[in-house]
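Notes for the structure review
The residues making up each chain are set out below.
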Amino acid sequence: MKPADVEPLPEAPPAAIRRAQEARLIATWEAQKGWRYWSAVNNTEVGRWYIAGALIFFLYGGLLALMMRTQLAFPGQEILPPDLYNQVFTMHGSVMMFLFAVPIFEAVSILILPQMLGARDLPFPRLSAYGFWCYVIGGVFVCGSLLFGAAPAGGWFMYPPLTTTYQPGIGADIWLLGLSFIEVSSLAAAVELIVGVLKCRPPGMRINLIPLYAWYILVVAGMILFAFPPLIAGDILLELERSLHWPFFDPSKGGDPLLWQHLFWIFGHPEVYIIFLPSIALVAMIVPTFARRPIVGYSWIVLAAVGTGFLSFGLWVHHMYTAGLPGITLGFFSAASLAVAIPTGVQIFCFIATLMAGPVTRSVPLLYVFGGFATFVLGGLTGVMVAVAPFDFQAHDTYFVVAHLHSVLIGGTVFPLVAGLYYFYPMATGKLLSERLGRIAFWPLFVGFNLTFVPMHVTGLRGMPRRVATYPEGIGFDMLNLLSTIGAVILAAGFAIVVWDVIRPKGKQPHAKRNPWNAGTLEWLAEMPNKPWGVRSVPEIDSRYPLWDQAHIIRDVDEGRFYLPDAEERKRETLVTTPIDAVPVQCLRVPGDSFLPMIAAIFTGGLFIFATFYWYVAAAVSGVLAVGVILYWLWIGSARIPEKPEKDVGLGLTLPLYASGPASVGWWAMLITMLGDLTAFVGLVFGYFFYWTIREEFPPADAPDLRPWWPVVSAALFLASWLLTIGARGWNRGGRRILFHGSLGFAALLAIGGSAALVWSLREAGLDPEAHAYAAIVWTLVIWVALHAAAGVLMQLYCMARAAAGYLTPAHDIDIVNVALYWHFATATALVTVAVIAGFPAVRG
Amino acid sequence: MPRSSPLHRAALVCASAAALAGCDGIQSALAPAGRDAERIAELFTVMSIGAAVIWTAVVGLTLWVSRFHTKAQPERYANALILGGGVVFPIVVLTALLFYGLAPLPHLLALPPPGQLTVAVTGEQWWWRVRYQPPGGPAFELANEIRVPVGERIELQLSASDVIHSFWVPSLAGKLDMVPGRVNRIAIEPTRTGTFRGACAEYCGASHSFMNFFVVVMERGAFDDWMRAEREDARPPADPVAQRGQTAFLANGCGACHTVRGTPADGTVGPDLTHLGRRISLAAGTASNTPGDLQRWIAATDRMKPGVHMPAFNMLNGAELAPLAAYLSGLR
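An account of the accompanying structure is given in this report. Here the residue numbers are simple positions, counted from 1 along each chain's written sequence. Going through the entries in the order they are written, you letter the chains from A and number the ligands from 1. Local features in a predicted model are, by the rule used here, given only for residues with pLDDT of at least 70; side-chain atom pairs are given and counted only at 80 or more, and totals for whole chains, interfaces and linings are based on all residues. As a convention, hydrogens and water are excluded, and side-chain values are obtained from all of the structure's heavy atoms.

What to know about the overall build of chain B
Going along the chain from the N terminus, every DSSP run of H or I of four or more residues is numbered as a helix, and every run of E of two or more is numbered as a strand. Secondary structure assignment for chain B yields nine helices and 12 strands. For chain B, the C-alpha atoms occupy an extent of roughly 95 × 50 × 35 Å along the three principal directions. In this scheme, a residue with accessible area under 20% of its type's maximum is buried, one over 50% is exposed, and one in between is partly exposed, where area comes from a 1.4 Å probe on protein chains only. When burial is assessed residue by residue, chain B has 58% of its 332 residues classed as buried. It only takes one pair of heavy atoms within 4.5 Å for two residues to be counted as in contact. Within chain B, counting contacts between residues at least 6 apart in sequence, those at least 24 apart form 65% of the total.

What to know about the sheet that holds strand β1 (residues 118-124) of chain B
Residue and element names in this part refer to chain B. By the convention used here, strands pair only if DSSP detects at least 2 bridges between them. Pairing in this open sheet of five strands is mixed, and the strands run β3-β2-β1-β5-β8 from one edge to the other. This sheet does not close on itself; its edge strands, each paired only once, are β3 (140-143) and β8 (184-188). On average, each strand axis in the sheet is tilted by 25° relative to the strand beside it, whichever way the strands run. Bridge count between strand β5 (residues 154-160) and β8: five bridges; the pairing is antiparallel. Paired with Leu158 across the two strands is Asn184, which belongs to β8. Along the sheet, helix α5 (residues 220-231) makes contact with β2 (127-133) and β3, crossing β3 at roughly 100°. For every element, the axis is a line fit to its C-alpha atoms; helices are fit only across the contacting stretch, and the angle between N-to-C directions ranges from 0 to 180 degrees.

So, the interface of chain B and chain A
Each side of the interface is counted separately: chain B has 87 residues, and chain A has 89 residues. Summed over both partners, the accessible surface that disappears when two parts come together, traced with a 1.4 Å probe, is what is meant by buried area. Between chain B and chain A, a total of about 6,900 Å² is buried, with carbon and sulfur atoms accounting for 72% of that surface. One side-chain nitrogen of Lys or Arg within 4 Å of one carboxyl oxygen of Asp or Glu is enough to make a salt bridge. Linking chain B with chain A are three salt bridges, by the criterion used here. For the salt bridge of Arg303 of chain B with Glu78 of chain A, the shortest nitrogen-to-oxygen distance reads 3.3 Å. Throughout this description, a polar contact denotes any pair of N or O atoms lying within 3.5 Å of each other; where both atoms belong to protein, one of them has to be capable of donating a hydrogen while the other can accept it, and for residues adjacent in sequence the pair is counted only when both atoms sit in side chains. On inspection of chain B and its partner chain A, the count reaches 19 residue pairs in polar contact (both at pLDDT 80 or more). Sorting the residues of the side of chain B that touches chain A by element identifies α1 (6-18), α2 (35-68), α3 (75-102), α4 (105-109), β7 (176-178) and β9 (194-200) of chain B as the ones contributing at least two each. Per-class residue counts for the side of chain B that touches chain A are 54 nonpolar, 21 polar and 12 charged. Each residue is assigned to one of three groups, with Ala, Val, Leu, Ile, Met, Phe, Trp, Tyr, Cys and Pro labelled nonpolar, Asp, Glu, Lys and Arg labelled charged, and all others, Gly among them, labelled polar.

Focus: the packing of helix α7 (residues 257-291) of chain A against helix α10 (residues 341-357) of chain A
All names here are of chain A. Their axes nearest at 9 Å, the elements α7 and α10 cross at an angle of 15°. By the angle class used here, α7 and α10 are roughly parallel. Where α7 crosses over α10, the two elements pack in a sense that is left-handed. In this structure, α7 uses Phe276, Leu277, Ile280, Val283, Ala284, Val287, Pro288 and Ala291 to contact α10, whose residues at the interface are Thr344, Gln347, Phe351, Thr354 and Leu355. Among the residues forming the contact of α7 with α10, the class breakdown is 10 nonpolar, three polar and no charged. Roughly parallel refers to an angle under 35 degrees, roughly antiparallel to one over 145, roughly perpendicular to one between 65 and 115, and oblique to any angle outside these ranges. Should the near helix be turned anticlockwise from the far one by less than a right angle, the crossing is left-handed, and should it be turned clockwise, the crossing is right-handed.

Let's talk about unusual backbone geometry
Along the chain, Met528 of chain A connects to Pro529 of chain A via a cis peptide bond; the corresponding omega equals -5°. Counting through the fold element by element, Pro529 of chain A comes out in the loop between α15 (478-503) and α16 (546-549). Put simply, Gln125 of chain B and Trp126 of chain B share a cis peptide bond, and its omega is -5°. With respect to the helices, strands and loops of the structure, Trp126 of chain B is situated in the loop between β1 and β2. Positive phi values are uncommon outside glycine, yet Asn518 of chain A reaches one of about 55°. Tracing the chain through its elements places Asn518 of chain A in the loop between α15 and α16.

Details of a nonpolar patch on the surface
Patch membership requires over 30% relative accessible area and the absence of a salt bridge. Like charges are linked within 9 Å, and nonpolar side chains (Val, Leu, Ile, Met, Phe, Trp, Tyr) within 5 Å. Methods summary: accessible areas were calculated by the Shrake-Rupley approach with a probe of 1.4 Å, and residue burial reflects only the protein chains presented. Taken together, the side chains of Trp300 and Leu303 of chain A together with Leu83, Val88 and Val92 of chain B define a hydrophobic patch exposed on the protein surface, amounting to about 470 Å² of accessible area. Of all elements in the fold, only α8 (298-311) of chain A together with α3 of chain B reach the threshold of two or more residues within the nonpolar patch. Ranked by residue count, the leading element in the nonpolar patch is α3 of chain B, at three residues. Inspection of the secondary structure assignment puts Trp300 of chain A in helix α8. Residue Trp300 of chain A is classed as partly exposed on the basis of its relative accessible area of 31%.

Here is the structure:
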């Protein structure tokens with residue numbers, strides 16, 4: 001059903017009322033002063049911190065790049081000895097990928113997405129804050145290790161067995177645990193952004209009207225959700241091999257180093273698109289603004305972005321062309337890798353077509369978009385070249401690939417980001433960056449980039465491998481490397497100008513005029529400088545470019561003629577709408593400022609950081625504290641029963657203040673989180689069957705027999721626990737409190753029993769995880785189930801406590817509904833595990 | 001003990017190789033000397049010309065429509081551009097490229113029929129164990145150097161003993177990884193004689209940069225002579241200095257790791273040294289094969305090659321080192 005078109009109030013409320021509304025909104029949304037400022041969780045504050053953090057890590061990564069270029073300027077230098085050089089290149093790649101490229105997308109999105117969607121905040125502000133603090137703590141820890149010469153030195157790809165037995169120091173542990181910690185925060189942001197795009201849009205903004213940026217966010221966050229978990233699964237296996245000697249990658253004990261490569265690149269290739277699509281999303285916002293017209297081919301771009309997302313999961317083997325795979329595999333993945341160029345080409349041509357169909361206005365952001373185009377198209381074309389397996393046999397792991405990937409990432413990501421910086425800076429701070437400095441910086445950036453990386457194509461084909469700390473004189477590398485180093489210095493000078501433009505004092509500079517670029521999308525409702533409320537009233541939308549197409553929209557928003565023009569109860573509120581048609585369904589109260597996310601992040605950091613040093617007791621204590629803080633945070637901050645069931649949000653619309661099930665944001669967050677969790681589990685199951693495909697006999701003949709009796713009992717117990725949890729959900733609705741408590745309590749016991757039965761079945765069979773990769777992967781699956789059962793039991797007990805405290809009632813049941821949703825996934829995980837570890841060997845005979 | 005930069009040594013190695021062939025280009029995929037490398041170089045040429053044309057067209061079009069042609073065009077044209085430039089053109093070009101680009105693949109993966117000479121190469125941190133397996137004849141081992149006859153397709157069996165390495169001689173063929181627990185097979189088919197440099201192309205730890213080797217392509221007759229000589233045991237040293245060197249070699253336990261066929265030294269941890277004196281380089285392309293470099297290497301191995309598994313024999317004095325180097329250099 002298409003909702004009726006809603007018009008704003010015909011008359012503005014009287015000035016006195018408006019002033020009172022504004023005062024209440026400011027009091028509600030303003031960040032606190034002094035040291036309490038750091039308890040902020042609002043997207044404006046967290047978004048700015050996040051961007052600043054990502055840019056600082058970018059400069060750090062750039063500094064590492066300059067160190068490498070200095071070392072390689074001339075043959076045979078010893079400025080960076082190999083041991084240090086290896087740490088530097090490992091850190092350069094890891095920092096740029098994990099601490100800059102992915103976080104900057106999340107940072108920018110946290111800042112601008114709510115503004116673009118006319119929302120006051122993202123649905124889970126404290127989750128954003130928690131993610132940010134995890135990121136900062138993890139990032140500082142990983143980067144700091146270099147100062148002590150203890151940084152990881154296994155390359156950003158961390159191939160075992162080099163990173164298992166052959167690097168006994170803590171560097172590899174820092175990489176595995178520190179970056180896993182940061183991956184958790186990336187996943188948190190992905191959940192937040194998906195729910196934000198699906199559920200926190202302004203009324204009327206149907207899915208075909210959302211800004212292209214939001215489409216890209218949806219695609220990219222979805223990719224993070226399915227790409228990061230396989231890496232986390234791989235990290236778990238690698239860390240288990242390092243710390244407990246479980247031989248997943250040790251061929252002498254049935255393991256295989258290639259398993260890591262598969263898990264890594266199933267993550268690693270989508271990662272490239274995770275990095276590059278958000279920047280294209282920025283371009284998709286900038287190009288129409290300066291072409292003075294709507295984008296041409298909106299549907300084409302959406303289709304292409306979704307297509308790129310899907311295809312990117314089918315290309316990972318092109319990073320393994322030289323690993324000795326069969327010809328048929330090489331042919332298949334060559335074709336798939338070439339195919340991904342098509343949706344990319346579609347996006348590029350949509351932008352060119354938009355420029356063609358509009359009267360183009362020159363501007364600094366557009367200049368950087370063009371610089372990015374020229375560079376990215378070069379990288380795309382060399383990408384097509386290396387996609388062809390025979391050519392890659394030569395190019396792989398040489399400077400040709402270094403040139404290719406930097407063209408893609410600097411052209412496809414960094415140039416558009418600088419464009420976005422110049423474009424969105426006034427929205428974030430109220431002031432414009434300097435047009436003059438922007439134009440000046442462009443040339444050293446563009447010339448420096450090309451001088452650094454274009455010669456590298458030749459360097460690589462002349463035979464220079466990647467990741468060498470130095471090279472001999474006179475075999476054809478000398479002049480090319482010198483040129484690259486000179487280019488790097490010029491490139492760095494360009495960045496220095498941009499940095500100066502950002503940090504130079506702007507006290508005397510007047511604020512920019514409102515909507516300085518005459519753009520058409522909602523984020524430009526922002527006042528200069530913007531007010532803490534984000535949007536004065538939440539508008540009804542019926543166009544892709546409301547500022548161009550909807551008459552008086554700025555006036556109507558400013559005068560509070562739309563939804564939620566007030567904060568009567570001094571509570572932070574934003575609208576929740578349906579995912580497709582954006583029909584308003586709830587007035588969501590988002591939690592306010594709190595130090596809890598920061599404290600939870602510190603303890604979560606402790607868990608990972610102490611584990612790096614093998615201080616397992618301290619790690620466990622820190623982990624328990626983290627769980628405790630998070631439970632406390634949920635207890636006081638989530639699923640609060642409102643003082644009244646519904647509220648008038650303006651324009652005659654009354655919305656409930658509490659929602660449960662698919663109408664609520666919490667349910668969606670749980671669903672999305674569990675999809676990611678299931679993906680990690682599939683990564684582990686993939687490991688099991690990967691061994692089966694490469695070993696003639698798997699499970700190995702000499703492995704102890706796993707009798708199916710206990711696993712079957714375990715499956716039955718988990719099924720019963722699941723049914724009782726579902727039952728509890730219904731009994732709560734029916735007000736049957738005793739049945740509710742009884743069933744949940746019993747369900748918890750059954751889940752504990754189910755885990756015990758699984759663990760016992762392995763103990764009884766005498767499966768030794770150190771002896772063989774088979775036993776190790778089976779143990780890993782079982783522990784995975786047991787940990788999920790433990791979390792599930794905690795949730796069941798939490799629901800009982802909530803009900804006892806009166807926070808969970810028949811009408812307010814989001815806790816038990818979400819826990820039941822969790823148990824669908826946890827039970828599926830347990831049943832699949834039983835089927836794999838007990839069923840598969842039985843079927844194999 | 002003077003500071004001896006590893007790369008200074010490497011340059012010397014190159015200089016000695018240059019005596020055999022021009023140095024610039026001894027490691028270049030753009031100057032192919034093998035059938036496989038020739039096919040790939042041709043592919044590269046065609047693809048780079050195509051890429052240059054497409055790049056110029058796309059960037060030129062972007063600038064033209066936005067800078068020099070700022071008048072708005074009808075949306076009809078814009079849609080046609082998306083369909084033509086973004087969909088039809090890439091599909092046509094990429095399909096053509098797929099067929100053209102994959103055409104060499106069967107040849108590149110083809111192995112010579114069994115029953116001929118195969119060479120097993122094992123990557124180890126940070127050197128190459130090379131084991132010749134001639135049909136009929138006994139197998140023999142050397143290190144960091146491969147000699148092959150020109151015009152014949154030779155199978156190489158690649159494996160690794162510790163971490164992943166990658167075998168790459170750009171002049172002859174593409175690279176192939178050496179993965180612990182697996183044997184990967186690649187063939188090379190040199191088309192001209194000469195000396196070519198190979199490198200490890202997979203990051204393999206501290207001294208990844210110092211893991212190189214040489215491939216010498218010879219006429220069949222010269223190759224047969226070389227192989228016959230290589231198979232033989234080491235001849236006992238004739239001059240007294242070298243004899244003292246042999247005594248030092250055995251007394252210092254070198255034989256625990258190294259084999260010198262025909263002597264009690266039969267270790268298999270490190271490179272076989274039976275005919276060390278005939279090789280082009282020392283320590284996997286890190287130093288030139290001269291008695292002076294040999295002394296410097298033995299006395300301070302980790303100076304030339306950080307992290308190397310061979311300990312530095314810095315307790316040996318000049319009176320022992322010089323004869324030792326003389327003995328080893330004399331193993332021809």
